[in-house]
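# Architecture at a glance
Here are the chains, one letter per residue:
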Amino acid sequence: MDRRPKIWPEPAVRAPWPRLTTDGEDPPTSAFGTLHSAAATLLSDRRRRRRAASGRRRFPSPEEKSSGDSSTPPIIPTSGCFRTSHSRQILPNPGDSVSSLSFSPKSNLLVATSWDNQVRCWEIVGGNSQPKASTSHDQPVLCSAWKDDGTTVFSGGCDKQVKMWPLLSGGQPRTVAMHDAPVKEIAWIPQMNLLVSGSWDKTLKGYWDTRQANPVHVQQLPERCYALTVNYPLMIVGTADRHLVVFNLQNPQTEFKRIQSPLKYQTRCLAAFPDQQGFLVGSIEGRVGVHHIDDAQQSKNFTFKCHREGNDIFSVNSLNFHPVHHTFATAGSDGAFNFWDKDSKQRLKAFSRCPLPIPCSTFNSDGSIFAYAVCYDWSRGAENHNPATAKTSIYLHSPQESEVKGKPRIATGRK
Amino acid sequence: MSCAVKDQLQQMSTTCDSLLLELNVIWDEVGEPDTARDRMLLELEQECLEVYRRKVDQANRCRAQLRQAIAEAEAELAGICSAMGEPPVHVRQSNQKLQGLREELNAIVPYLEEMRKKKVERWNQFVDVIEKIKKIAAEIRPADFVPFKVPVDQADLSLRKLEDLTNELQSLQKEKSDRLRQVMEHLNTLHSLCEVLGIDFKQTVYEVHPSLDEAEGSKNLSNSTIERLASAVNKLREVKVQRMQKLQDLASSMLELWNLMDTPVEEQQMFQNVTSNIAASEHEITEPNTLSIDFLSYVESEVLRLEQLKASKMKDLVLKKKTELEEHRRRAHLIDEEGYAAEFSAEAIEAGLADPAMVLEQIEAHIATVKEEAFSRKDILEKVERWLNACEEEAWLEDYNKDDNRYNAGRGAHLTLKRAEKARILVNKIPGMVDVLATKVVAWEKERGKEFTYDGARLLSMLEEYKIVRQEKELEKKRQRDQKKLQDQLKAEQEALYGSKPSPSKPQSSKKAPRNSMGGSNRRLSLGGATMQPPKTDILHSKTARAAKKTEDMGTLSPSSRGLDIAGLPIKKLSFNTSTLREAETPRKPFAQIMPGNNVPLATVRPVANDTDEENRTPKTFATLNPKTPMTVTAPMQLAMTPAVANKVIATPVSLFDEKPEPTLPEEIEYSFEERRLAVYQARLMA
């Protein structure tokens, strides 16, 4: 305690991207061996430190997982392009981490915003991607949203602005909204012809069709906006300090409800149910809460853990409902994405981990394409970021129906 | 000849003589020739003769006329007399002394007149009777009625004839009245039938014969009319019988439904007149409109309504019975295979696939069999209950034994002591209980030829399992005893070294893990999800544990942690480690700090004020449904309680700004990945 606390602590593990797991002999996690597991954790911690000191890097691969053979950890070259059998990569790669992905509601146009200030657009045709257009902000871009007619893209970022980019008409982007702090989330509400932007300046602003310079309404938020989801008439804003503000857009001027997140840790992402009865909330502590708005449905609420490996817990970065089957995808800092069915409480499909976190993902309008970015998401801070080796890529996955179609709950019989 | 006539004749002859004398004189004077005189005289004589002859003829003719008139009158009289059947009046004989024809005639005429009058009167009588006969005949037999035929000729107007006619008339009248009565009877029945059936009487009668409808005036009483009336009556009666049967059917079904559904009396009252007729014979139903089509359809609609009500009630009933069945099963700890649940599904009834009554019967049958089975199992079940209770006591005792403070005198300590004493006795009895139970079960299984299941699991295997767990426990106990001996030794050594004794802190885990006397297998309680232990006590413990931990974090190491110091690690680190250890014991653990040298308190490790179990609250039912080995590719979500292992989050939350070297309350502000990244980004820009 003699040292002054450093704001940016030295990385404990000096590997550029340590994807560390416990050793082969995983401590058995039995229900009543609490002490034992704790000791095992300690042990593995020490072991890890030792290993880190020796500079060994190790990435789990699907083969390793399936075979369980971990005596010779395969080294996946970090410079190589990670490719999974089920995904296709979009080229060219963005220059820095992708912050948001969004598909046009009308066509297979994919927009990605990234930390290199760019907003890029690809067209996905038959599984192949073609770069279409790009524009840029002055600062890193954090969020994007399409207008419902598929002609225009909104993007907001650290330059505290929201830009409207009439992509299809080939027009130039112009600023349509201003905040006092970076804009973290934007959404287009077609039913109200309204653009909503949430910012770290603790406000949520609504702009009529961007024809007016002044916002229609400024909603004060309890904290900085971290996440936003809209499924008319339901809108939920997640902020720092685990606040969740629920809006009924039929009465948009007032908060419908303000609740504490059912999860104990920072809200990372939100997704409103397709039936508007509730929402999913993902936290940085590898956990997703299924929450219903109506108090009468509180008994249906639950949380479940995901994006963990052994004792390592990763952030849940993205939650996306499948537009057709109403199952959902989670993507996390562990580089994995899973498909789930909240109604049968099942994981429908788990995919092998990518070597880098998945900070954002999205389905296209008919749910036939699942796009996800694989890049560093700062979940381990600056010390784990090496700009020289950092690689950013975007992948497309075509989900099979069996992966995303909800299954009836397994009849377990009565106990 | 009278003297006057003689005188006249004498006078005439004198006059003639004088005239002849005069003529003679004249002639004498004139001097007529004798021939002329003679001729003249002849002429005179002839002329005189002529006059005489004419007069005589005339008189003769008059006499003949008189005679004829008399004869005619007499003949007429005789005719009338004979027609009237009276003895002829012989005026001539009786009036022998009458002189002259004229007198004779005069004598007859009054008789004649009288007789004529009589005859007219008689005729009138006849006509009267005949008219009446005709009229009645026309009413009775219009078919062979000839309106212009006079049944009698005028020649026979005798009283006998009249009598005959009168008799005929009377008989006809009698017949008519008979028929009239008959018709009236028919009409009356017809009327009552029409009333009951709600049919227009006038219309019906008019259809039979138009004349019947008229209030006065002659009615057609012919056979055909009567026949038609009779057939109409019969027809209506048939209709009535039909409708009555229908009504009675409806009424009986109505009564059934009432009985079935306990319909209130007020509702029944409305249909009292219907149900009262349920046993009535055809002629007893006289109330107007009781059998009208309207009324029938009204009753029918009511029955339909009741039927529908019944259908819905039946569903309720089926559900009720179903729950009753379930209740019986539950009480008998009988778990059946799915089978019957689908059999009695309400959906099937709704869809009309299953007849509710039949389903009801089936359920009743099931209930009966379940009851029977429950009875046969009762003995064993009681024993099982006792055994389970004993197991519970055993579990409690075990926990209690682990409590090092158990002998501390406190409120109610003596009660606990007593309980422990009793529990010990009970626990000693368990093996015997299990054995008895096992033999009983075996006997039962032999007798029945099937397995004795308890809430779906075979009781024998449960017992076996219990035995094994118990053995294991015994072994463990033994081991623990050995260990304790070892620890005591160690303690003694330490005491010898440092002279202090570790405070008898309560091991946190003593009450933590819900002890399960049944070992790995869930004790099958019929309470379903209620097997989940209420985490209340845990909260209390974890709270106190956390409080303890907080004080430790302040840097002052508690004696217990000091006791752990033997590992020889740096103090700071050790305290950290112990804190993670402690955290591990609480159900909610904050992020563990893993980076050595990173002393910044974790932003996300802010103590959470609310109850610890909130996040991990999972639907109870799900906990019980959680399959142990998912057979499908899909995996169930990890909804269980957070395992009490010291997990750590890879994210290293840090405070944001460099210019705040000493964040006063670093725990107050949390930052997202993006915010931290931006901070770095901006710092680089500035650099």
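For the structure, check the block above.
Residues numbered from 1 in each chain as written. Chains lettered and ligands numbered in written order. Predicted model: local features only at pLDDT ≥ 70, side-chain atom pairs only at ≥ 80, totals over all residues. Heavy atoms only, no water.

### What about the overall build of chain B?
Counting its secondary structure elements, chain B contains 21 helices and four strands. Each of the 687 residues in chain B was classed as buried or not, and the buried ones make up 34%. Look at the contacts in chain B between residues 6 or more apart in sequence, and 71% of them connect residues 24 or more apart. About 42600 Å² of surface is accessible on chain B, with carbon and sulfur atoms providing 55% of the total. (Helix = DSSP H or I, 4+ residues; strand = E, 2+ residues; numbered from the N terminus. Buried < 20%, exposed > 50% of the residue type's maximum accessible area, 1.4 Å probe, protein only. Contact = heavy atoms within 4.5 Å. Areas by Shrake-Rupley, 256 points an atom, 1.4 Å probe, with all protein chains shown as cover.)

### Considering a negative patch on the surface
A cluster of like negative charges, contributed by Asp156, Glu163, Asp164 and Glu168 of chain B, occupies part of the molecular surface. Here Asp156 of chain B is to be found in the loop between helix H4 (101-140) and helix H5 (159-197). (Patch = residues over 30% accessible without salt bridge, like charges linked within 9 Å, V, L, I, M, F, W, Y side chains within 5 Å. Salt bridge = Lys/Arg side-chain N within 4 Å of Asp/Glu carboxyl O. Lys, Arg positive; Asp, Glu negative; His and termini not counted. Charge placed at Lys NZ, Arg CZ, Asp CG, Glu CD.)

### Describing the sheet that holds strand S17 (residues 255-260) of chain A
Residue and element names in this part refer to chain A. With antiparallel pairing, four strands are arranged side by side in an open sheet as S14-S15-S16-S17. Lying at the two open borders of the sheet, with one neighbouring strand each, are strand S14 (225-231) and S17. Neighbour-to-neighbour, the strand axes of this sheet turn through a mean angle of 15°, independent of strand direction. As paired strands, strand S15 (residues 234-239) and strand S16 (residues 243-248) are joined by five bridges and run antiparallel to one another. Note on S16: the bridge partner recorded for Met235 is Phe247. (Pairing = 2+ DSSP bridges. Axes fitted to C-alpha atoms, helices over the stretch in contact; angles between N-to-C directions.)

### What to know about the packing of aromatic side chains
Applying the stated criterion across every chain yields a total of 20 aromatic pairs over all chains. Relative to Phe351 of chain A, the ring of Phe337 of chain A lies with its centre 4.4 Å away and its plane at 20°, an arrangement referred to as stacked. Here Phe351 of chain A lies in the loop between strand S27 (346-350) and strand S28 (361-363) and Phe337 of chain A lies in strand S26 (residues 337-341), a separation of 14 residues in the sequence. With a relative accessible area of 8%, Phe351 of chain A lands in the buried category. Taken together, a centroid distance of 4.9 Å and an interplanar angle of 50° make the contact between Phe363 of chain A and Phe370 of chain A tilted. Side by side, Phe363 of chain A and Phe370 of chain A carry an identical accessibility label, which is buried. Here the aromatic residues Phe337, Phe339, Phe351, Phe363, Phe370, Tyr372 and Tyr395 of chain A are joined through ring pairs into a cluster of three or more. The aromatic ring of Phe302 of chain A is capped on one face by Lys345 of chain A, whose charged end is 4.6 Å from the ring centroid. When the ring centre of Trp396 of chain B is taken as reference, the NZ or CZ atom of Arg419 of chain B above it lies at 3.9 Å. (Phe/Tyr/Trp six-rings, centres within 6.5 Å; stacked < 30°, edge-to-face > 60°. Lys NZ or Arg CZ within 6 Å of the ring centre and 35° of its normal.)

### Overview of the pairing of strand S24 (residues 316-321) of chain A
Residues and elements named next belong to chain A. Most of S24 sits inside the fold, with six of its six residues counted as buried. As paired strands, S24 and strand S25 (residues 328-332) are joined by five bridges and run antiparallel to one another. Directly across from Ser318, in S25, lies its bridge partner Ala331.

### Some thoughts on the pattern of salt bridges
Under the defined criterion, the tally for this structure stands at 32 salt bridges over all chains. Among the salt bridges present, the one from Glu223 of chain A reaches Arg224 of chain A, with a minimum N-O distance of 3.0 Å. Owing to a relative accessible area of 12%, Glu223 of chain A belongs among the buried residues under this scheme. Across the salt bridge formed by Arg470 of chain B and Glu394 of chain B, the nearest N and O atoms sit 2.8 Å from each other. Within this pair, whereas Arg470 of chain B is found in helix H16 (residues 459-498), its partner Glu394 of chain B is found in helix H14 (residues 356-402), the two being separated by 76 residues in sequence. Side by side, Arg470 of chain B and Glu394 of chain B carry an identical accessibility label, which is buried. A single network of salt bridges, built from pairs that share partners, joins Lys202, Glu223 and Arg224 of chain A together with Glu675 of chain B.

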